[in-house]
Amino acid sequence: MPHQKVRVIGAGLAGSEAAWQLAQKGITVDLIEMRPDTMTPAHTTGDCAELVCSNSLRSDDVQTSAVGLLHEELRRMGSLIMIAADACSVPAGGALAVNRHDFSKMITQKLKSHPLIRYEVRHMGLPTDDVPTIVATGPLTSGPMADDIQTLTGDESLHFFDAIAPIVYTDSINMEKAWYQSRYDKGDKYDYLNLALTKEQYEQFVRDLLAGEKVAFKEWEKETPYFEGCLPIEVMAERGMDTLAFGPMKPVGLTSPHLTERPKAVVQLRKENKEGNLMNMVGFQTKLTYGEQTRIFRTIPGLEDAIFARLGGIHRNTFVCGPKVLDERLCLKKRPSVRLAGQVSGCEGYVESTAMGLLAGLLTAFPEMPLPPATTALGAMLRHVTQGNIDTYQPMNINFGLFPEPETEGPRKIKGADRKKLYTTRALRDLEEWKKQINL
Ligand SMILES: Cc1cc2nc3c(=O)[nH]c(=O)nc-3n(C[C@H](O)[C@H](O)[C@H](O)COP(=O)(O)OP(=O)(O)OC[C@H]3O[C@@H](n4cnc5c(N)ncnc54)[C@H](O)[C@@H]3O)c2cc1C
């Protein structure tokens with residue numbers, strides 16, 4: 001028996017989508033948003049689903065882009081955010097960009113005029129009653145709400161900054177220069193890939209880091225103390241030529257089969273997921289611009305042709321360690337009447353936040369429904385948020401590394417665009433099958 005009334009806190013991308021999905025399924029929704037009475041440091045209006053930065057929802061290529069696939073899946077699920085994005089799109093090549101003003105106005109109008117949605121402007125903390133609630137308060141969740149979540153889930157479970165290290169597709173690493181080994185041969189050797197640098201290569205790398213163009217912190221980001229635990233590599237490099245070689249690039253306990261001399265430094269890449277098709281550059285969080293990261297990291301021997309599933313960054317972001325505090329249906333383990341959705345649940349990006357909002361709405365409407373298959377973009381994102389690696393968890397944009405490998409026939413591995421099409425074709429086929437199962 002579905003719930004008759006649900007509360008959604010936060011009318012951003014995720015909360016707007018969740019409220020819409022619930023109301024469209026015949027459920028009454030209290031949608032509670034604190035703006036414009038209480039503003040976040042980045043929002044400037046009182047409208048729903050305000051885009052705080054870029055007006056782009058990224059690539060709309062459904063065949064060869066993971067986010068384009070997610071667009072299509074959301075469209076097929078009746079997403080309000082996608083209805084508004086398509087209606088308010090502006091020319092942007094292969095990307096889906098929108099007129100941000102029209103986009104938010106349309107979503108606000110649709111939600112406020114829906115007969116089953118009661119819209120209320122007020123701040124709210126974590127509820128303690130039994131009303132099924134979706135908390136979608138975003139990367140700039142208010143202080144009191146963040147305190148409530150932290151008190152419930154524990155100090156270690158809520159983060160206030162992303163310290164994002166780049167992630168590389170394993171099959172783009174040159175294995176003639178890399179080798180598998182864990183430090184001092186402790187644990188499974190296949191957990192780590194290593195790349196060695198000679199003294200000359202290391203010193204040039206440090207000089208490149210220091211000279212590379214960086215992204216500045218926003219005024220309001222400077223106020224939150226975060227640093228010593230997750231210093232950007234370029235800040236460590238500023239402390240002295242050898243700092244990185246004694247820090248995240250220390251060579252001790254590792255033996256390169258490719259170098260005759262002892263390496264001056266080693267970059268360690270740790271398996272990011274069970275499949276091992278994504279590798280995380282350990283300790284490489286950075287404020288270098290994306291262009292500079294690609295250029296400088298490709299000077300590391302073995303990464304000359306690296307393809308990055310995600311580039312590094314550090315910015316203000318409130319999010320939980322989803323795999324630790326959420327069950328597989330996005331409910332807080334310690335308060336199952338509350339689901340988290342959007343960026344606070346541990347995903348990254350406008351479209352991904354929308355996807356988590358859509359799923360939180362559906363799962364609240366139909367608590368017993370089967371979960372989306374892991375082969376779909378919706379399922380892959382949900383699986384990352386609820387079942388990613390607890391020890392290394394960081395929010396991620398959707399990317400093909402989060403999907404199970406496609407079943408290919410024959411010994412030759414299909415590559416490039418053809419391989420991406422294997423993922424997207426399978427995803428849309430499985431999405432249709434799932435839709436039949438859940439009767440949508
Ligand atoms: C500065 C910045 C720039 C970003 N730029 C991009 C970008 O260019 N592209 C991209 O894909 N992603 C970007 N992101 C990441 C992220 O995808 C977006 O922030 C996205 O809006 C997240 O959606 P959401 O629904 O989780 O949160 P939001 O869209 O932020 O919605 C959360 C809502 O909850 C409200 N709220 C917060 N606390 C409370 C409370 N206690 N009670 C009631 N209401 C509350 C807020 O006012 C807000 O309306 C950016 C994030 C930040 C912080």
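Since the structure is predicted, the reported quantities are computational estimates derived from the model, not experimental observations.

1. Regarding the overall build of the protein chain
Thought 1: What the protein chain contains, in helices and strands, is 14 helices and 17 strands.
Thought 2: Expressed along its principal axes, the backbone C-alpha trace of the protein chain runs to roughly 75 × 55 × 45 Å.
Thought 3: The contacts of the protein chain with a sequence gap of at least 6 include a subset with a gap of at least 24, amounting to 71%.

2. Observations regarding the site of the ligand
Thought 1: The local shell around the ligand holds 33 residues, among which Gly10, Gly12, Cys53, Gly138 and Gly342 are the closest.
Thought 2: Of all the secondary structure elements, the ones that give two or more residues to the shell around the ligand are α1 (13-24), β2 (28-33) and α12 (350-365).
Thought 3: In the shell around the ligand, the residues fall into 16 nonpolar, 15 polar and two charged.

3. Quick look at the sheet that holds strand β14 (residues 308-310)
Backbone hydrogen bonds hold the strands of a sheet together, and the pairing may be parallel or antiparallel.
Thought 1: Spatially, β10-β11-β12-β13-β9-β14 is the arrangement adopted by the six strands of the open sheet, whose pairing is antiparallel. Strand pairing shows two members of the sheet lacking a second neighbour, β10 (178-180) and β14, which therefore form its edges. In this sheet, neighbouring strand axes are inclined to one another by 35° on average, regardless of whether the strands run parallel or antiparallel.
Thought 2: In this structure, strand β9 (residues 167-169) lies alongside strand β13 (residues 278-281), joined through three bridges in antiparallel fashion. For tyrosine 169, the partnering residue across the bridge sits in β13 and is leucine 278.

4. Comments concerning α1
Thought 1: Over its 12 residues, α1 extends 17 Å from the first C-alpha to the last, a length consistent with the 16 Å expected when each residue adds 1.5 Å.
Thought 2: Counting buried positions along α1 gives 11 out of 12 residues, so the element sits mostly inside the fold.
Thought 3: For α1, every residue scored as buried is listed here: Leu13, Ala14, Gly15, Ser16, Glu17, Ala18, Ala19, Trp20, Gln21, Leu22 and Ala23.
Thought 4: Phi for glycine 26, located one or two positions after α1, is positive at around 90°.

5. Here's the deal with the domain arrangement of the protein chain
Thought 1: Considered domain by domain, the protein chain is made up of domain 1 (5-162 + 316-437) and domain 2 (167-311).
Thought 2: Relative placement of domain 1 and domain 2: their C-alpha centres are 31 Å apart.
Thought 3: At the junction of the two partners, domain 1 supplies 10 residues and domain 2 supplies 13 residues.
Thought 4: Of the residues assigned to the side of domain 1 that touches domain 2, the class counts are four nonpolar, four polar and two charged.

6. Notes on the nonpolar core
Thought 1: Val8, Ala19, Leu359 and Met381 are the most contacted members of the largest nonpolar core, which totals 83 residues.
Thought 2: If one sorts the elements of this core by residue count, α12 sits on top with 10 residues.
Thought 3: If you look at the next biggest cluster of nonpolar residues, it comprises 38 residues, including Ala165, Leu193, Ala196 and Ile233.

7. As for the pairing of strand β1 (residues 5-9)
Each regular strand shows side chains that alternate between the opposite faces of the sheet.
Thought 1: With four of five residues buried, β1 lies mostly within the body of the structure.
Thought 2: Pairing analysis gives five bridges linking β1 to β2, with the strands arranged parallel. The residue of β2 that forms the bridge with arginine 7 is aspartate 30.
Thought 3: Remark: the β1/α1/β2 crossover connection has right-handed handedness.
Thought 4: Here three bridges tie β1 to strand β7 (residues 133-135), and the two strands are oriented parallel to one another.

8. Digging into the sheet that holds strand β3 (residues 56-59)
Thought 1: The strand order β3-β5-β4 describes an open sheet built from three strands, whose pairing is antiparallel. The open sheet has two edge strands, β3 and β4 (89-90), and neither has a second partner.
Thought 2: With two bridges connecting them, β4 and strand β5 (residues 95-98) associate as antiparallel partners. Residue valine 90 lies in a different strand from β5, and its bridge partner there is alanine 97.

9. Concerning the environment of leucine 362
Thought 1: Inspection of the secondary structure puts leucine 362 in helix α12.
Thought 2: Note on leucine 362: 20 C-beta atoms within 10 Å, which makes it buried.
Thought 3: Between the C-alpha atoms of leucine 362 and tryptophan 20, which are 342 residues apart in sequence, the distance is 9.9 Å.
Thought 4: Discounting chain neighbours no more than four positions away, the residues touching leucine 362 are Gln21 and Met369.

10. Digging into helix α4 (residues 100-112)
Thought 1: Taking 1.5 Å per residue, 13 residues should reach 18 Å; α4 reaches 18 Å between its end C-alpha atoms and fits that length.
Thought 2: When we look at burial in α4, the residues that qualify are Arg100, Phe103, Ser104, Met106, Ile107, Thr108 and Leu111.
Thought 3: In this structure, the buried side of α4 is in contact with α1, β2, α3 (80-87), β5 and β6 (117-121).

About the cut-offs
Residues numbered from 1 in each chain as written. Predicted model: local features only at pLDDT ≥ 70, side-chain atom pairs only at ≥ 80, totals over all residues. Helix = DSSP H or I, 4+ residues; strand = E, 2+ residues; numbered from the N terminus. Contact = placed C-beta atoms within 7 Å. Near = placed C-beta within 6 Å. Nonpolar A, V, L, I, M, F, W, Y, C, P; charged D, E, K, R; others polar. Pairing = 2+ DSSP bridges. Axes fitted to C-alpha atoms, helices over the stretch in contact; angles between N-to-C directions. Expected span 1.5 Å × (residues − 1). Buried ≥ 20, exposed ≤ 12 C-beta atoms within 10 Å, placed from the backbone. Domains from an automatic or database assignment. Core = buried A, V, L, I, M, F, W, Y, C linked by C-beta atoms within 7 Å. Right-handed = clockwise from strand over helix to strand, strands pointing away.

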